[in-house]
Each structure stands twice: as C-alpha cells, then as structure tokens.
Amino acid sequence: MGVLDYIWLGVLAVFQGPEAFTVFGISVSITVMMVLSGFLFGILVGATPGLAGPFAMAISLPILISIFGYSPDALLPVMGFLIGIMKGATIGGAVPAILFNTPGTPDAFMTTLDGYPMAQWGQAKKALRIAHFSSASGDTFSDIVLFVCAPFLAILVEAYLDLPEKTGLLILSLSFIAAVIGGSPGKGLISIGLGLLAVYVGTGEDFYPRLTMGADKLSRGFPITTAVLGVLIIGAVFKGLEETWQESRKGKRSIVVPETGDQKLRWPDIKRLLPHISRSALIGTGIGALPGVGSTLAATLGYSTARARYAKSKDADAAAFGEGAPEGIAATEAANSAVSGANLIPVLSLGIPGNAAAVFLILATETIGGFNPGPSVFRFSPDVINPELVVAFGLFTCMTIANLFNWTIGGVFMRSMGFMIRIPKQLLLPSVLLLTLTAIYVQETRIEAIWFALGFGVLGYFMRVLAISPLPFVIAFILGKSLEETARQAYSATGNDPFFLFNNPIALAFILMSVAVIFFTGRKAKKAAP
Amino acid sequence: MLAPSRSNLYIGLLCIVFAALLIFIWIPLDTDSGIVEKVRGRFAIGDALAPTIAACFILVGGGLLVAFERNGPNQSSLRRSHVLFMGKLFAVTVLSLLVMRFAGPLCAEIANLFRTDPIEYRLLRATAGWKHIGFSLGGILMVAGIIAIVERGFSLRGLLTAVLAVLAMIAMFDLPFEDLLLPPNGDV
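Every value quoted in this text rests on a predicted model; they were computed, and no experiment measured them. (Residues numbered from 1 in each chain as written. Chains lettered and ligands numbered in written order. Predicted model: local features only at pLDDT ≥ 70, side-chain atom pairs only at ≥ 80, totals over all residues.)

Caption draft 1: Expanded view of the overall build of chain B. Looking only at helices and strands, chain B features six helices and two strands. Mapped in sequence order, the helices and strands of chain B form the string α-β-β-α-α-α-α-α. The C-alpha atoms of chain B give 25 Å as radius of gyration, which overshoots the globular expectation for 188 residues (16 Å, by more than 25%). Judged by the C-alpha coordinates and their principal axes, chain B covers about 70 × 65 × 30 Å. Counting all 188 residues of chain B, 41% fall into the buried class. Considering only contacts in chain B between residues 6 or more positions apart, those separated by 24 or more positions represent 65%. (Helix = DSSP H or I, 4+ residues; strand = E, 2+ residues; numbered from the N terminus. Rg over C-alpha atoms; globule rule 2.2 N^0.38 Å. Buried ≥ 20, exposed ≤ 12 C-beta atoms within 10 Å, placed from the backbone. Contact = placed C-beta atoms within 7 Å.)

Caption draft 2: Structural view of the overall build of chain A. Across its full length, chain A holds 20 helices and two strands. Seen along its three principal axes, the alpha-carbon backbone of chain A occupies a region of about 75 × 65 × 50 Å. Restricting the contact set of chain A to residue pairs at least 6 apart, pairs at least 24 apart contribute 77%.

Caption draft 3: A look at the interface of chain A and chain B. In this assembly, 59 residues from chain A lie in contact with 60 residues from chain B. Among the elements of the structure, helix H3 (53–68), helix H9 (185–200), helix H10 (224–246), helix H17 (425–444), helix H18 (447–465), helix H19 (471–493) and helix H20 (505–528) of chain A are those that each provide at least two residues to the side of chain A that touches chain B. No other element matches the 11 residues that H9 of chain A contributes to the side of chain A that touches chain B. The class makeup of the residues in the side of chain A that touches chain B is 37 nonpolar, 12 polar and 10 charged. (Nonpolar A, V, L, I, M, F, W, Y, C, P; charged D, E, K, R; others polar.)

Caption draft 4: Just the packing of H9 of chain A against H19 of chain A, in detail. All names here are of chain A. The geometry of H9 relative to H19 is characterised by a closest axis approach of 7 Å and an angle of 40° between their N-to-C directions. Of the possible angle classes, the one that applies to H9 and H19 is oblique. H9 and H19 meet at a crossing whose hand is right-handed. Two secondary-structure elements touch here, H9 through Gly 188, Ser 191, Ile 192, Leu 194, Gly 195, Leu 196, Ala 198, Val 199 and Tyr 200 and H19 through Pro 472, Phe 473, Val 474, Ile 475, Ala 476, Phe 477, Gly 480 and Lys 481. Taken together, the residues that form the contact of H9 with H19 break down as 12 nonpolar, four polar and one charged. (Axes fitted to C-alpha atoms, helices over the stretch in contact; angles between N-to-C directions. Parallel < 35°, antiparallel > 145°, perpendicular 65-115°, else oblique. Left-handed = near helix turned anticlockwise from the far one by under 90°.)

Caption draft 5: Structural detail: the domain arrangement of chain B. Looking at the assigned domains, one finds that chain B contains domain 1 (7–67) and domain 2 (80–174). One C-alpha centre belongs to domain 1 of chain B, the other to domain 2 of chain B, and the line joining them spans 41 Å. (Domains from an automatic or database assignment.)

Caption draft 6: Inspection of the environment of Tyr 116 of chain A at higher detail. Residues and elements named next belong to chain A. Examined against the element boundaries, Tyr 116 turns out to sit in helix H6 (residues 109–120). Exposure remark for Tyr 116: the 21 C-beta atoms within 10 Å place this residue in the buried category. Separated by 19 residues in the primary sequence, Tyr 116 and Ala 97 place their C-alpha atoms 6.7 Å from one another.

Caption draft 7: Up close: the nonpolar core. Ranked by internal contacts, the top residues of the largest apolar core, which has 236 residues, are Val 35, Leu 82, Ile 98, Phe 360 and Val 474 of chain A. Top contributing element to this core by residue count: helix H16 (residues 387–415) of chain A, with 14 residues. Counting residues domain by domain, this core receives three or more from each of domain 1 (7–67) and domain 2 (80–174) of chain B. Those residues within four positions of Ile 98 of chain A in sequence are excluded, and the remaining contacts are Thr 111, Gly 115, Tyr 116, Ala 119, Ala 124, Ala 127, Leu 128 and Ala 131 of chain A. (Core = buried A, V, L, I, M, F, W, Y, C linked by C-beta atoms within 7 Å.)

Caption draft 8: Region of interest: the packing of H17 of chain A against helix H6 (residues 156–174) of chain B. Where H17 of chain A contacts H6 of chain B, the two axes come as close as 10 Å, and the packing angle between them is 30°. Here H17 of chain A is positioned roughly parallel relative to H6 of chain B, judged by the angle of their axes. Between H17 of chain A and H6 of chain B the crossing geometry is right-handed. Between H17 of chain A and H6 of chain B, the residues in contact are Leu 427, Ser 431, Leu 434, Leu 435, Thr 438 and Val 442 of chain A and Thr 161, Ala 165, Met 169 and Phe 173 of chain B, respectively. Residues of the contact of H17 of chain A with H6 of chain B, tallied by class, amount to seven nonpolar, three polar and no charged.

Caption draft 9: Molecular detail of helix H5 (residues 130–150) of chain B. Residues and elements named next belong to chain B. Over its 21 residues, H5 runs 31 Å from end to end, which matches the ideal 30 Å to within 8%, given 1.5 Å per residue. Counting buried residues in H5 gives 16 out of 21 residues, a clear majority hidden from the surface. Arg 152, located one to two residues past H5, shows a positive phi value of around 60°. (Expected span 1.5 Å × (residues − 1).)

Caption draft 10: The arrangement of the pairing of strand S1 (residues 19–23) of chain A in detail. Residues and elements named next belong to chain A. With respect to burial, S1 is a largely exposed element, only zero of its five residues being buried. Summarising the sheet, S1 and strand S2 (residues 26–29) pair through four bridges and their orientation is antiparallel. Residue Val 23 lies in a different strand from S2, and its bridge partner there is Ile 26. Between the end of S1 and the start of S2, which pair antiparallel, lie two residues, with Phe 24 showing a positive phi angle near 50°. (Pairing = 2+ DSSP bridges.)

Caption draft 11: Layout of helix H11 (residues 267–288) of chain A. Residue and element names in this part refer to chain A. With 22 residues, H11 extends 29 Å between its outermost C-alpha atoms, agreeing within 8% with the 32 Å of an ideal straight helix rising 1.5 Å per residue. The sharpest bend along H11 reaches about 40° and sits at Leu 273, with the proline Pro 275 one to four residues further on. Buried residues along H11 sit against helix H7 (124–160), helix H12 (295–313) and helix H13 (326–342). (Bend = angle between axes of the 7 residues up to and from the residue.)

Caption draft 12: Highlighting unusual backbone geometry. Geometrically, the link from Pro 183 of chain B to Pro 184 of chain B is a cis peptide bond, its omega value of 5° lying close to zero. Structurally, Pro 184 of chain B is set in the segment after H6. The backbone of Leu 211 of chain A shows a phi angle near 55°, a positive value even though the residue is not glycine. Examined against the element boundaries, Leu 211 of chain A turns out to sit in the loop between H9 and H10. Judged by C-beta crowding, with 26 C-beta atoms within 10 Å, Leu 211 of chain A ranks as buried. In this model, Asn 496 of chain A sits at a positive phi of 55°, which is unusual for a non-glycine residue. Note that Asn 496 of chain A resides in the loop between H19 and H20. For Asn 496 of chain A, a count of 13 C-beta atoms within 10 Å corresponds to the partly exposed category.

Caption draft 13: Up close: the environment of Pro 373 of chain A. All names here are of chain A. Its location among the elements puts Pro 373 in the loop between helix H15 (356–368) and H16. The class for Pro 373 is buried, based on 26 C-beta atoms found within 10 Å. Sequence separation between Pro 373 and Ile 362 is 11 residues; the distance between their C-alpha atoms is 7.3 Å. Those residues in contact with Pro 373 that sit more than four places away from it in its chain are Val 347, Leu 348, Gly 351, Ile 362 and Thr 365.

Caption draft 14: Spatial organisation of the confidence of the model for chain B. Looking at chain B as a whole, the pLDDT averages 91, with 98% of positions reaching at least 70. Across chain B, the element-wise mean pLDDT spans from 80 in strand S1 (residues 36–39) of chain B up to 96 in H5 of chain B. (pLDDT = per-residue confidence, 0-100.)

And the structure:
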C-alpha cells in the first residue's frame, strides 16, 4: 500500500460510504450530506451572537452518536459534520460583525472595525462578499498546509521520539499552552493544574480510586463530556447570561442603511486584496499550527500587519483602516480562517488539541473509538491496511468537500443570515443550557453527570470572571491520562530510571524549553506591569 | 479614582495554599500508593505522582502570579454582583433539576391516591406522557426561571420560549430515538 493508495481509499471511504439518496442515478453518500449539513448549521450558529462553533459541536455530538452509533463507520459522517460546523461558524461570525457591529464569534471582532463602517456606507453586501472570499481563501490555504504537514510531522515524531521524549513533548505542549493562552502564564498554569487534577480524580492503577474522599459517585472519575461541556459551554452560557443581565436594556435598534454603489466583488478588487489575503493566510496558518494560539491573535496580527503595509501604499482618497477599508476585512478574515485548518496539524500529528473546535473533534474520536489522533495514525504500513490512515485521508477529503461548499454556496447562505441577530440572547442562552445538560444526560444516562457538568460550569464561569482561560483546563483534562500513561511506560521502558526526562537529550531539551517558555512569558508579564 | 485591583495577588496566594494542601494533606491521605512504590522488588510510579504534578502546576502558577503578575494591568476581580448572579442562576438550575428528578415519581404517587391498582413510575418511564413529566416541568422551570432572572421579571414571552424549547428538545432527542432516555429516566 503506497501513499496514493491510502489517499484513494480515504476518498472512496467518503464517497462510497452508506448512501443518503441518489440523484439521476448518482449515489450521494451520507458523509457528504453530513459535511453539507454541518457547514450550513455552522454558518447559522456563527451568525448568531452569543453562540459559536463549539456550542454547535457540543450539542450535535450526542445526537450524531445516537444516529450513527459507536462503530468505526460512524467516524467519517460524525467528524464530517463537526468539520462542517467548524468551517461554517468561521465565516458565519463575520455576518453580525459587518451588519450590526456585533461579532458573532470572538475571532470576528476585528472584522467589525472596517466591516461595520462599510455597511454604514451602504456597502454591506460587498463587505460580506469580501469577508467570504478572504475567509474561504485563508481556509483553503491552511487546509493544503495541513494535508502536507500533518503526515510529515507525524512521521518525524514517530521516527525520532520514544516514550521519554513523548512525555517531554506533552509537558512542553501543556507549558506552551499555559504560557500563550489568555496572556497570563500564571493563570494558564493554574488552569492546566486544575484540569489535570480533575482528570486524575477516581482514576489511577490502585484498587482505591484516588482523590475521591471515599465518595462512590466519584469512583469512576468525571466523564470527559461533563468536564469539557461544563467548563467550555455551560461556563460560557453563565457568563453570557451575566453580561446580558449587566447590559442596560436600552433596546438599541440597528439602522438599516440602503445599499449604494456596486455590491459585487470584481477582479480589480480581488487583485487589490490578494496581497493582504496571502499575507494573512500565512500568518494564520503559522499561528494555527502552534497548539493553543487562537484565531483571535491571528486576526489581530493579520490586521495590524496589513494596516502597516496599507498605510504606506494607500491612495489619498481611500478609506483608512478602521474607517471601512476592504483590506482590513480581508486581512482579518483570511487570518482567522487560516487558523482552523492549521490547528488540526498538532491534533492529527501529535494528538494535542490546540483550540476548542479541535477539543470537540478529539471528544468525538474518543467517544466513537477506532481512531486515536496522534503520530501512529500516519503509519504507512505497506502490507496491512492501516484503517486509521484511511480515516485521516477521509477527513482531509471531508475538509476539501467543505471548502468546495464554502466556495460555491457558502457566500449566498452567509449573506442570508442577517436575521439571526434578532434572536435575543436572554431567550437563547437558557435554552442552550437546557440543551447542553440534556445532551450530557443522553450520553451518560446518570443524573450525577448533570451535577458534575453544572459544577464544572460554575467553575468555568468564575474562571472567566477572573480572566483565567478555561481552554488550558480542557486541554489538560484531555491530555492528562495520556501524560500519566506515557510517563509510566517511559519509566518502565528505561529500567525504572527516575530521571528518564533528564537522561535523554531530546526529552531534556523539551523540559528546558517548557521552563524557558514559562519563565520568559512570566518575565514579559512582569515588564508589562506598571 | 478606584484603587487598582489586587486580584492576581489574591488568586496567586489562594492557589499556593490550595497546592500546599493538595501536596501535603489531600493527596497523601486520599491515594493508596505514594509517588513511587515498590512492587515485587521493583520501583513503579504510584498513583500520587500525577496529582502531585497537577498540584505543582497550580503552585508554580500561583507563584508566577505573586512574583511576576501581581501588579499586572487591568486585573479582573470577583465582585459581589458576580457571586449574587451566579447564586441565583445556580439556585434556579438546582431547583429545576430537583423538579425534573422527582416530578414524575411524585405524579405517580398522586395518581395512586385515586387508583385501586397502584402504579410505579419506574415501570412507566418509557410510556409517552409519563416519561415527559419531569423533563417538561423541570425544563420549563429552568428556562423560564433563568429568563426571568436576566430580564429582571417574569414574562409570558419567557414562558413561551421555555415551552417551545422543551418541546423542541423532546422532538429532537425522544421522538426519533427509542434508545435515548431524557433526564431523569435513566435514574428512576
């Protein structure tokens, strides 16, 4: 089995999977339909202020699992749907940002800076077209980089990293995530520590389930869905409700500005925007490939770099950045969309999730089984088919299909989503809370799961209030067991060497890098203090 | 002018104390094996190591907040309004979950007052109508209650939203799937 054979098998797994229906005698597979449904649902959710892709992924997962079951055949339809949501939500977030100055997702905040002024001049449709074109370009570029880099990186990791090095790499990843997410390495480390502590409750190798204080209900540990959905979704719902409660209910009405001028995106426009899109796509992809560095930073960097370039070359009568420059929308949207594909590089090649969407993809694979993201996925075994590799190429095919939908129908669907802003948050968020708790119960079928999720939700709320990012918590919860298992195996494999992390040059380098990244970001934070 | 928040310092100190409690009290008392244990003459990693590492992350994080970030700009602080609001949300949610859990069995008990052959909720949890009592009442109370907190008053719009949300969820989870159990029917 060569590389091309595996790619072909992956493509066939998507197109020749179970049939949804036939059109003129041509069979349309369920996976393709799931990608389409997820993509449209993602745009809808992204266009709704207060919701984001992870909400939709969290709510969909138990329903998808009920439909498709736990067999490996379920992987591609379920993951296809989630990938569709991930991509759809990215472009959907630009709709309320441009039309109503309200970013649908946090990444779309920078889009408001130029998108809303353009809408105020009667150029809303053009601004939406620019956002869609730039977003689809950045996303496609980033996916291509993912397809090329993930297998390559995985092969390198599998060839050169043994158990002690893998333990060191996990520690480095956690330290890096702690240092870069949320801008406070101290709070990042606390978040990581709490996530690790939570995953170690009730687990371990001894007969007595550790850290349970004798409570029987804790002896099976916290189910992953309760921790992930609790901290990420329920915590966000509580915070969103509190912000809505705090906001004065002035009933701010948006003024509909009539359209003026050409609303189409013409070739000269594209030619003018392309340098900004390309630069931002590169920035977004580079940032997305690092675990934990989110699309908000990519959007900010893409925007500020483009602003510096634009200031030197702009015509005297052209709008400046922040006053309705199309280049500002293009730079932001290309950068934040380029993160989504690249963020899957550490997921697929190392098994390390880098953002909330990746967390839900890992959650799906853990729930369904049969696919363990990590370097072993890309084992090109020539004699026996590696089913995980077929699934990996199937996922790449799903991403390509989602991109095709994005280029063809994404723009039209996105531009019709302006009405979602009218749904009041105070009505939507309590329903999302009930939906999330129901989804958790349906999956776990025990009332403790709801109590655990509620507890994690309260923790997530207070973490947000205190500006402690909940994402490191969730990533640590996911990686905690694998960190402990790898360390145990490394300890045994090195003949019970307690210094296995320090006697191996690569592992030692990873540990030193972990210390350095925390120390230097900590010092940087100190310098920033007045 | 308001005094700058010192929340980083307090969070840092709290985390240091919490980590110390973990390392010196909770973990040693609540795990069977130590950091390293001897099994059949060979040393192996014990169950206490991983939680101790978790505690070390918290300790170092707290230390960084105290040493490097205690004077950081724009520190967000926990205000009384946050705790009050969360308290209200939590109370409504807990009350709704209790209603969800016990409304079905309670209705069965009330029905028994008027019946000669007693019924048991556990045996009715797959029967349409009965199985929806707890979820519907608890769900409506949760959604309408939270809307009332956020809107600072009860509204018919909130109640209608809650009813529609519950009906939508029953349609989403219960009608198409025979094997899915709405809360609390897996526990009764």
